[in-house]
Number of protein chains: 2
Amino acid sequence: MKHINIESIEQMGSRYRANFFNTISGFKSANLIGTNDNFGNTNLAVFNSVVHIGANPPYLGFILRPTTVERHTYENIKENGLYTFNHINENIIEKAHQTSAKYQKNVSEFEACGFEEEYLNNFDSPYVKESKIKMGLQFEEEHFIKANHTILVIGKLLHAYLDEKLISNDGSIDLTEAGTVTISGLYEYLKPTKLKKLDYAKP
Amino acid sequence: MKHINIESIEQMGSRYRANFFNTISGFKSANLIGTNDNFGNTNLAVFNSVVHIGANPPYLGFILRPTTVERHTYENIKENGLYTFNHINENIIEKAHQTSAKYQKNVSEFEACGFEEEYLNNFDSPYVKESKIKMGLQFEEEHFIKANHTILVIGKLLHAYLDEKLISNDGSIDLTEAGTVTISGLYEYLKPTKLKKLDYAKP
């Protein structure tokens, strides 16, 4: 086994290091985050860091880096308070990935990347029509990470939309049936296949 | 599409709600976190919330719930300052899942679940010998999430071990070649297959 330590990390080139450490955490969730400002200008960006925070009440978080692309998402969330998560499925991978390009603030990635905005039940934030599992969230709290100035943004889930057939009797959602993909690193999209469903473990 | 809102969430049973909201965030990383206290008593627990925080310097985070199982991990990290992440691969799914059982504090899940402790390069925290991608981390900072009393724990990566053949020329790690699995919800383990590797997106 190869041993990578502080010295070998420092010798890595910046792209190499970014790829290495973006893959080493394991497989990631694949979501498009939809936002808008108070003038109705919309924004859409791919995020691979959405993470479960709690079920009761339902909270979801994501990690935001202080880059141009992600800053538009952040500014809109702070301005509006509402935002959406939309699963990326195998039919929209290229379009979803394209939202990571550095578009100007006045360009909507919905239009630039070929997605249709969808507004549901008077929730003032754009869902992605092409997504099969979508959530409407309300900003709850944020944590500034001192180590590298990234931000954990936490929201409360107020709405979820999905085909009823995707929900199993035990409440779990069949992500493979929905075509939801996973991400490795920054550029690779994969489709998971079920191996094993286990039970609640006891000693 | 079925619409789930605050009212329908409140009407869900607790197991149903846990399954629903643990699956709705998308696919998750699958890691075993190895820890030990200052007396050398070891602990091992499955976590599906490891998330990339940054590449330079390399930081990784995970979300910890205040349950018995996860509290042992937390207490050891705070006591020792060092801990390990170990990818779960398709050969060790059942054993890895079994670490989620509520063992007493004096029981090591390494022994109870059939894993071998591995100590490398004087790093005083146990790696999982059966894992093919392993990391040694040092506690960096923590954030208490007010909404539901979970904790974001962030560590700095000091060591990584993996087969050199798993590292591509661009620095990314081939997780499918390593047999690393992904988790949906709390109980389902899946194996991803590559669909598309895209490039850095430009407008």
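Residues numbered from 1 in each chain as written. Chains lettered and ligands numbered in written order. Predicted model: local features only at pLDDT ≥ 70, side-chain atom pairs only at ≥ 80, totals over all residues. Heavy atoms only, no water.

A few points about the overall build of chain A
Line of reasoning, step 1. For chain A, the helix and strand inventory stands at five helices and 12 strands.
Line of reasoning, step 2. Here the C-alpha atoms of chain A give a radius of gyration of 18 Å, agreeing with the 17 Å that 2.2 N^0.38 yields for 203 residues.
Line of reasoning, step 3. Along the three orthogonal principal directions, the C-alpha set of chain A runs to about 55 × 50 × 30 Å.
Line of reasoning, step 4. Taken over 203 residues, chain A has a buried fraction of 63%.
Line of reasoning, step 5. For chain A, long-range pairs separated by at least 24 residues make up 60% of all intrachain contacts whose partners lie at least 6 apart in sequence.
Line of reasoning, step 6. One finds the centroid of the 21 positive side-chain charges in chain A at a distance of 6 Å from the centroid of its 25 negative side-chain charges. (Helix = DSSP H or I, 4+ residues; strand = E, 2+ residues; numbered from the N terminus. Rg over C-alpha atoms; globule rule 2.2 N^0.38 Å. Buried < 20%, exposed > 50% of the residue type's maximum accessible area, 1.4 Å probe, protein only. Contact = heavy atoms within 4.5 Å. Lys, Arg positive; Asp, Glu negative; His and termini not counted. Charge placed at Lys NZ, Arg CZ, Asp CG, Glu CD.)

Notes on the relation of the copies chain A and chain B
Line of reasoning, step 1. With an RMSD of 0.0 Å, chain A superimposes on chain B once it is rotated by 180° and translated 0.0 Å along the axis. Such a combination of turn and shift is consistent with a two-fold rotation axis. Considering only C-alpha atoms, the residue of chain A closest to the rotation axis is Pro192 of chain A, which sits at 1.9 Å.
Line of reasoning, step 2. A share of 100% of interface residues in chain A that are also interface residues in chain B marks the association as one of identical surfaces. (Least-squares fit on C-alpha atoms with pLDDT ≥ 70 in both.)

Quick look at the pairing of strand β2 (residues 31-36) of chain A
Residues and elements named next belong to chain A.
Line of reasoning, step 1. With six of six residues buried, β2 is to be regarded as a mostly interior element.
Line of reasoning, step 2. Relative to strand β6 (residues 82-87), β2 runs antiparallel, the two sharing four bridges. Within β6, the position partnered with Ile33 by the bridge is Phe85. (Pairing = 2+ DSSP bridges.)

Considering the sheet that holds strand β11 (residues 182-184) of chain A
Line of reasoning, step 1. Reading across the sheet, the four strands line up as β11(A)-β12(A)-β12(B)-β11(B) and stay open at both edges, with antiparallel pairing between neighbours. The sheet is open, and its two borders are formed by β11 of chain A together with β11 (182-184) of chain B, each paired with just one other strand. Each neighbouring strand pair of the sheet contributes to a mean axis angle of 50°, computed without reference to strand direction.
Line of reasoning, step 2. In this structure, strand β12 (residues 188-197) of chain A lies alongside strand β12 (residues 188-197) of chain B, joined through nine bridges in antiparallel fashion. Pairing of Lys191 of chain A across the sheet is with Thr193 of chain B, part of β12 of chain B. (Axes fitted to C-alpha atoms, helices over the stretch in contact; angles between N-to-C directions.)

Some points on the interface of chain A and chain B
Line of reasoning, step 1. Tallying the contact residues gives 101 residues for chain A and 101 residues for chain B.
Line of reasoning, step 2. At the boundary of chain A with chain B, total buried surface from both sides reaches about 9,000 Å², with 65% on carbon and sulfur atoms.
Line of reasoning, step 3. Across the contact surface, chain A and chain B share four salt bridges.
Line of reasoning, step 4. Among the ionic pairs, Lys196 of chain B bridges to Glu94 of chain A, the shortest N-O distance being 3.1 Å.
Line of reasoning, step 5. Our count for the contact surface shared by chain A and chain B stands at 49 residue pairs in polar contact (both at pLDDT 80 or more).
Line of reasoning, step 6. Here the side of chain A that touches chain B is built from residues that sort into 46 nonpolar, 32 polar and 23 charged. (Buried area = accessible area lost by both parts, 1.4 Å probe. Salt bridge = Lys/Arg side-chain N within 4 Å of Asp/Glu carboxyl O. Polar contact = N/O pair within 3.5 Å; in protein donor to acceptor, adjacent residues only side chain to side chain. Nonpolar A, V, L, I, M, F, W, Y, C, P; charged D, E, K, R; others polar.)

What to know about the pairing of strand β9 (residues 133-144) of chain B
Residue and element names in this part refer to chain B.
Line of reasoning, step 1. Pairing analysis gives five bridges linking strand β6 (residues 82-87) to β9, with the strands arranged antiparallel. Within β9, the position partnered with Leu82 by the bridge is Gln138.
Line of reasoning, step 2. Alignment of β9 against strand β10 (residues 151-162), held across 11 bridges, turns out to be antiparallel. Bridging from a neighbouring strand, Phe139 pairs with Gly155 of β10.
Line of reasoning, step 3. Between the end of β9 and the start of β10, which pair antiparallel, lie six residues, with His149 showing a positive phi angle near 60°.

Quick word on helix α3 (residues 68-80) of chain A
Note on helix geometry: an α-helix contains 3.6 residues per turn, so any two residues three or four positions apart are oriented the same way.
Residues and elements named next belong to chain A.
Line of reasoning, step 1. With 13 residues, α3 should reach 18 Å at 1.5 Å per residue; the first-to-last C-alpha distance of 19 Å fits that figure.
Line of reasoning, step 2. Restricting attention to buried positions, one finds in α3 the residues Val69, Glu70, His72, Thr73, Tyr74, Asn76, Ile77 and Asn80.
Line of reasoning, step 3. For α3, the elements touching its buried residues are β2, β3 (42-47), β5 (58-64), β6, β9 (133-144) and β10 (151-162). (Expected span 1.5 Å × (residues − 1).)

What about the side chain of Thr73 of chain A?
Residues and elements named next belong to chain A.
Line of reasoning, step 1. Positionally, Thr73 belongs in helix α3.
Line of reasoning, step 2. The class for Thr73 is buried, based on a relative accessible area of 0%.
Line of reasoning, step 3. Once residues lying within four places of it in the same chain are set aside, the contact partners of Thr73 are Ile33, Thr35, Asn43, Ala45, Phe47 and Phe62.

Section: empty space enclosed by the protein
Line of reasoning, step 1. The full count for this structure, using the stated rule, is two cavities of 30 Å³ or more.
Line of reasoning, step 2. Roughly 140 Å³ of internal volume is contained in the largest cavity.
Line of reasoning, step 3. Residue lining of the largest cavity: 19 residues in total, with Ser29, Val50 and Val51 of chain A together with Phe27 and Val50 of chain B positioned closest to the centre.
Line of reasoning, step 4. Per-class residue counts for the lining of the largest cavity are six nonpolar, 11 polar and two charged.
Line of reasoning, step 5. What lines the second largest cavity is Asp37, Asn41, Thr42, Asn43, His72, Asn76 and Lys105 of chain B. (1 Å grid on protein atoms, 1.4 Å probe; cavity = no way out; pocket = protein on both sides within 12 Å on 5 of 7 lines; lining within 4 Å. Points joined across faces, edges and corners; volume = space filled by probe spheres on them.)

A short note on the environment of Asn19 of chain B
Line of reasoning, step 1. Mapped onto the secondary structure, Asn19 of chain B falls in helix α2 (residues 14-23).
Line of reasoning, step 2. Since its relative accessible area comes to 8%, Asn19 of chain B is described here as buried.
Line of reasoning, step 3. Each C-alpha atom of the pair Asn19 of chain B and Asn41 of chain B lies 32 Å from the other, and the pair is 22 residues apart in sequence.
Line of reasoning, step 4. When sequence neighbours within four positions are dropped, the list of residues in contact with Asn19 of chain B reads Asp170, Gly171 and Ser172 of chain A together with Leu186 and Tyr187 of chain B.

Section: the packing of aromatic side chains
Line of reasoning, step 1. Tallied over the entire structure, the rule returns 14 aromatic pairs over all chains.
Line of reasoning, step 2. Ring centres of Phe20 of chain A and Phe21 of chain A lie 5.0 Å apart, and the angle between their planes is 85°; this geometry places the pair in the edge-to-face category.
Line of reasoning, step 3. A relative accessible area of 0% places Phe20 of chain A in the buried class.
Line of reasoning, step 4. Measuring from centroid to centroid gives 5.8 Å for Phe123 of chain B and Tyr127 of chain B, while their planes differ by 35°, and the two rings are tilted.
Line of reasoning, step 5. The buried category is assigned to Phe123 of chain B, whose relative accessible area is 5%.
Line of reasoning, step 6. You can call Tyr127 of chain B buried: its relative accessible area is 0%.
Line of reasoning, step 7. One aromatic cluster in this structure is built from Phe47, Phe62, Tyr83 and Phe85 of chain A.
Line of reasoning, step 8. For the cation-ring pair, Lys95 of chain A lies above Phe115 of chain A, with the distance from its terminal atom to the ring centre recorded as 4.8 Å. (Phe/Tyr/Trp six-rings, centres within 6.5 Å; stacked < 30°, edge-to-face > 60°. Lys NZ or Arg CZ within 6 Å of the ring centre and 35° of its normal.)

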